[in-house]
Amino acid sequence: MLRSRTKSNGKTQGHEKLDMDFAGVIGRQAHMNDNNDELVELLCTRIGAIMEDASVIALTIGAVPAMERNARIRQLQRASASIAAITAAVACLV
């Protein structure tokens, strides 16, 4: 078998084997787009959850002592950065 010029799949030319090996790749791309839609939905849902959490912090900041406000503002900054990063990822997927 090692000396055989024919591959185990019956293909004799390298390009024939290459065509066969990559035949499924094109089909995968369409499937990946389906997965992208689901991923976009999940990421946008995560953005919504972050916004909900951040809105509570933002709306109640007046009720916390002045010493705690800096910590709350840092939480809002982190939430903002997370939303920006996830939004950038979503933009790449669309």
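This structure is a prediction, so every number in the text was calculated from the model and none was measured.

Q: Looking at this structure, how should I read the overall build of the chain?
A: For the chain, the helix and strand inventory stands at three helices and zero strands. N-terminal to C-terminal, the α/β element order of the chain is α-α-α. In the chain, which comprises 94 residues, the proportion classed as buried is 11%. Contacts spanning at least 24 positions in sequence make up 50% of the contacts within the chain whose residues lie at least 6 apart. Accessible surface, the chain: about 7600 Å² in total, of which carbon and sulfur atoms supply 58%.

Q: Whenever I open this one, helix α3 (residues 66-93) confuses me. Can you help?
A: Think of an α-helix as 3.6 residues a turn; residues three or four steps apart then line up on the same face. Taking 1.5 Å of rise per residue, the 28 residues of α3 would be expected to cover 40 Å, and the 41 Å separating its terminal C-alpha atoms lies within 8% of that figure. Ala79, Ile83, Ile86 and Val90 are the residues of α3 that are buried.

Q: Explain the nonpolar core to me, please; I cannot follow it from the model alone.
A: Note on soluble globular proteins: their nonpolar side chains tend to be buried together. Core analysis: the biggest nonpolar cluster contains eight residues, these being Val40, Ile47, Ile50, Ala54, Ala79, Ile83, Ile86 and Val90. Elements with a minimum of two residues in this core: α2 (23-59) and α3. Here isoleucine 83 is in contact with Ile47, Ile50 and Met51, once residues within four sequence places are set aside.

The rules we used
Residues numbered from 1 in each chain as written. Predicted model: local features only at pLDDT ≥ 70, side-chain atom pairs only at ≥ 80, totals over all residues. Heavy atoms only, no water. Helix = DSSP H or I, 4+ residues; strand = E, 2+ residues; numbered from the N terminus. Buried < 20%, exposed > 50% of the residue type's maximum accessible area, 1.4 Å probe, protein only. Contact = heavy atoms within 4.5 Å. Areas by Shrake-Rupley, 256 points an atom, 1.4 Å probe, with all protein chains shown as cover. Expected span 1.5 Å × (residues − 1). Core = buried A, V, L, I, M, F, W, Y, C linked by side-chain atoms within 4.5 Å.

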